[in-house]
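Analysis of the macromolecular model
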Amino acid sequence: MLDVQNGAAAETSAPETGAGPPDDSPSEAPLRPYVLVAGVLCALYFLYSWVQYEQFRTPSWDLGIFNQSVRAYAELRAPVVDIKGPGFLILGDHFSPVTALLAPLYWIWSSPLALLFAQAALFAASAVVVGRTAQQVLGSRAAGLGLTVAYGLSWGLQEAVKSDFHEIAFAVPLLALTCRALLLGRWTAAVAWAVPLVLVKEDMGLTVAMVGAVLFVRGQKRLGAAVAAFGTAFFALTVLVLIPAASRVGQYDYWAKIEKSNEGADVSFVHAVLSSLGSDVKWEMLFFLVGITGFLALRSPLMLLVLPTLGWRFLSQDPNHWGMIWHYSAILMPVVFLALVDAVRAVRTSPRGWLVAYGKVAVPVVTAVSIVIALDLPLRELLRSETYATDTRTLDARRAVDAVPEGASVETNVTLMAHLTADRTVYWVGGAKGVSPDYLALDLDSGWSQPVTDPVQLAASLHPEARYEVSTRAGQFAVLRRV
C-alpha cells in the first residue's frame, strides 16, 4: 500500500490506465541530461523574447501590465496597474497574486526582461519534470530525452513565449509536477503541487478540482473529493467575492466573454455552446492538442485536467481564446505530454496486439512529428539573420523612449508601453481620464482607427484640459511634453 504520509512511490492497485508506478530511484533518471536540455530551451526562449523586446515587437499590452504589477510588489505597494486605468488594482481584474514571487528578481533586475527571463526559466524547468518523469515511468532514457525536446518545442509553449510574459508561466511547472506525482502514485505530493494553482489565476480552481477527480479515479476517493471541493470552492470565492471586492465595478468582468458577443449583444448559454461546436478554429486547436500525442493521451485520466481550460475557451465569444495563438494553451502542454506517458505505460498490458505495438512507437513518432511541426513555429525565426537586424523603426522607437525622463508620467500605446514601465508612471492611450500626464509617447502608425497626421491635435482631443507640444519626432513616433 502507498504510504500517504511520506509520499513514497510504492506499488498500489492499478486502475484500467495501467500498472502501478515503477521504482523511482535517482539512478534510473539522472537529473543532469535533462537540466542540460532545459538550459538550451531556456536560452532559446529567452533569446526569442529578448530580440522581440529589443526590436519593439511586443504583441500586446500585457507585458507592460505585468511589469507594473511586479514593480508595485517589489516596491512593497499594492499592485496598482495604471495602464488599466489610474489607480486600477489589478487583483480586481485577474486574481494572480503569485506574480508577487517575482519581486526579489525585480530588485536585482528592474526591467520587463526580468519577467521574460523568469518565464523562460519556468517553462524550461517544466521540461525537466516532463522528460525525467517519462524516463522513470517508461524506463527509457531515449524516451525521456525525446519527450523533453518534443515538449520543449511544442506549439503551446512557443506561442506563449511569443506572447511575452503571462502569469500562467507559474502554472506550467506546477501542473507538470502535479501530473508527475499522480503518475508516480504520490498522492500527497500531487495535492501539494496542485493547491498553489489557485493563486495563479482565478479559473485554475476548476483545474484543481479536476486533480481531485483524477485522485478519485485512481482510488483515492476521500482525498479526491476533498481536493475537488476545495478547487470548486476557491474558484467561487475568487470570482464571486475576492475579485469583485477589489474591482471598481464590484463584479467579475470576464463573464462578459461568454455572455456578450464582440458586438456587445447578449448571448445565451445555449447559443454559446452551439456556436462553440460550429467553430473550425476551436476544433483545429483541439485536434492539434491531442494530435501531438498521436491521440494516445486520450486514454489517460490526466486529460480531465484540460477540461476547465478548454471549456471556457470553447464558450468564450472572444476569437483570441479559440485557436492555437497566444498563451492559453501553454498550461495544457505538460498535461497532454504526461498523459501520453501514462497511456504508453497503460497499453503495454493491453490484450490488443496492435495497441501494444502502437505504444512502442508512440514516443519516437511524437518526438519526430513535434520537431517537424516546430520548423513552422516562432522559434524558427532565431535561424534567420533578419530577426536580429536593427531597422530604422527600432532606432526611432528607442529615441522616443529616451525622450521621456525617468520618473515622469506618460501616456502611450502598445509599441512603447513595456519599455516605459520600469521607471515611469505609464497610462494607456485614451485611458488616463482625469489625469494630465507629463508626456505623451505615441506610435502614430499603430492602433488608430484613422491615420494620425497632427499629434498636437490628437493630444488636445485626449486632454482638452492641458496643452502639449512636440518635444521629439522620430519617424512614426512622436513625444509630446505638457506645457
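Described below are features of the structure shown in this document.

1. Quick notes on helix H1 (residues 32-54)
Since the α-helix turns once every 3.6 residues, residues separated by three or four places project in the same direction. Between its first and last C-alpha atoms H1 spans 32 Å; for 23 residues at 1.5 Å apiece the expected length is 33 Å, and the two agree. Within the span of H1, buried status applies to Pro33, Tyr34, Ala38, Leu41, Cys42, Tyr45, Phe46, Tyr48, Ser49, Val51, Gln52 and Tyr53. Among the structural elements, helix H2 (62-74), helix H4 (112-138), helix H5 (141-152), helix H6 (155-162) and helix H18 (414-420) are those in contact with the buried residues of H1. The first or second residue beyond H1 is Phe56, which carries a positive phi of 55°.

2. Points about unusual backbone geometry
Not every positive phi belongs to a glycine, and Leu76 is a case in point at roughly 60°. Even without glycine at this site, Asp164 takes up a positive phi of about 70°. Residue position: Asp164 is located in the loop between H6 and helix H7 (168-183). The class for Asp164 is buried, based on a relative accessible area of 1%.

3. Describing the packing of aromatic side chains
Counted according to the given criterion, the structure contains 14 aromatic pairs. Centre to centre, the rings of Trp61 and Trp428 are 5.0 Å apart; their planes meet at 65°, and the pair counts as edge-to-face. In this pair, Trp61 is assigned in the loop between H1 and H2 and Trp428 in strand E2 (residues 425-428), connecting sequence segments 367 residues apart. A centroid spacing of 5.7 Å and a plane angle of 85° characterise the contact between Phe287 and Phe288, whose relative ring orientation is edge-to-face.

About the criteria used
- Residues numbered from 1 in each chain as written.
- Predicted model: local features only at pLDDT ≥ 70, side-chain atom pairs only at ≥ 80, totals over all residues.
- Heavy atoms only, no water.
- Helix = DSSP H or I, 4+ residues; strand = E, 2+ residues; numbered from the N terminus.
- Expected span 1.5 Å × (residues − 1).
- Buried < 20%, exposed > 50% of the residue type's maximum accessible area, 1.4 Å probe, protein only.
- Contact = heavy atoms within 4.5 Å.
- Phe/Tyr/Trp six-rings, centres within 6.5 Å; stacked < 30°, edge-to-face > 60°.

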